[in-house]
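# Examination of the molecular architecture
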Amino acid sequence: NTVRDYVKMKNIEPVKIEDTSSVGWETKRFLITVSQENKSLVLEPAFWPKGTYFKQWFHRRQTSSRDGASSK
């Protein structure tokens, strides 16, 4: 909720927030999906608190095998 509250405080309505953290790690990871119109804003370093690492995430394209079955 803290991440959602922070993004909303910056006047961005997140579409989706996923906790992608790994067990045993001291740091937390989140995948935050926003609308296309908010993309440039959330990719600005000034948007995030100091010490926050962020980057744009690209989903892997779905490919098709030769027999027509799709795979990820």
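Structural notes, computed from the coordinates. None of the values given here were measured: they were computed from a predicted structure.

## Re the overall build of the protein chain
- Within the protein chain, the secondary structure is distributed over 2 helices and 4 strands.
- Listed N to C, the secondary structure of the protein chain is α-β-β-α-β-β in terms of helices and strands.
- Expressed as a percentage of contacts within the protein chain between residues at least 6 apart in sequence, the contacts between residues at least 24 apart total 25%.
- Counting every atom, the protein chain has about 6,600 Å² of accessible surface; 51% of that belongs to carbon and sulfur.

## Some remarks on the environment of Asp-19
- Considering the arrangement of structural elements, one finds Asp-19 in strand 1 (residues 16–19).
- C-alpha separation for the pair Asp-19 and Arg-29, spaced 10 residues apart in sequence, amounts to 6.0 Å.
- Residue contacts for Asp-19: discarding those within four places in its chain leaves Lys-28, Arg-29 and Phe-30.
- A polar contact of 2.9 Å, which involves the side chain of Asp-19, links it to the side chain of Lys-28.

## A look at the packing of aromatic side chains
- Enumeration according to the criterion identifies 4 aromatic pairs in this entry.
- When the centroid spacing of 6.1 Å and the interplanar angle of 80 degrees are considered together, the rings of Tyr-6 and Phe-47 count as edge-to-face. Note that Tyr-6 is positioned in helix 1 (residues 2–9) and Phe-47 in the loop between helix 2 (39–42) and strand 3 (63–64), a separation of 41 residues in sequence.
- Summarising the aromatic geometry, the rings of Phe-47 and Trp-48 are spaced 4.7 Å apart at their centres and angled 75 degrees between planes, so their arrangement reads as edge-to-face.
- Look at Phe-47 and you get buried, because its relative accessible area is 5%.
- Put simply, the rings of Tyr-6, Phe-47, Trp-48 and Phe-54 pair up and form one aromatic cluster.
- Taking NZ or CZ as reference, Lys-10 lies 5.7 Å from the ring centre of Phe-47, over its face.

## Describing the pattern of salt bridges
- Enumeration over the complete set of coordinates arrives at 3 salt bridges.
- Note that Glu-13 and Lys-8 form a salt bridge whose closest N and O atoms lie 4.0 Å from each other.
- Here Glu-18 makes a salt bridge to Lys-16, at a shortest N to O gap of 3.6 Å.
- By relative accessible area, Lys-16 is classed as partly exposed at 42%.

Analysis parameters
Per chain, residues are indexed from 1 in the order of the written sequence. Restriction of local features to residues with pLDDT of at least 70 applies here, the model being predicted, together with a cutoff of 80 or more for giving and counting side-chain atom pairs; totals for whole chains, interfaces and linings are based on all residues. To get the side-chain values, all heavy atoms of the structure are used, and hydrogens and water are removed first. Secondary structure elements follow DSSP: runs of H or I no shorter than four residues count as helices, runs of E no shorter than two count as strands, and numbering proceeds from the N terminus. Contacts are residue-level and defined by heavy atoms, with any inter-residue pair within 4.5 Å sufficient. To measure how exposed things are, a 1.4 Å probe is used in the Shrake-Rupley method; for residues, cover is taken only from the protein chains shown. Residues adjacent in sequence count toward polar contacts only when both atoms are side-chain atoms; beyond that, a polar contact is any pair of N or O atoms within 3.5 Å, and within protein one must be able to donate a hydrogen and the other to accept it. A pair of aromatic rings is counted whenever rings of Phe, Tyr or Trp (Trp by its six-membered ring) have centres within 6.5 Å, and the orientation is called stacked for planes under 30 degrees apart, edge-to-face for over 60 and tilted otherwise. Think of it in three bands: with a 1.4 Å probe and only protein chains considered, a residue is buried below 20% of the maximum accessible area for its type, exposed above 50%, and partly exposed in between. Cation placement over rings: the criterion is NZ of Lys or CZ of Arg within 6 Å of the ring centroid and within 35° of the ring normal. The rule for a salt bridge is simple: a side-chain nitrogen of Lys or Arg has to be within 4 Å of a carboxyl oxygen of Asp or Glu.

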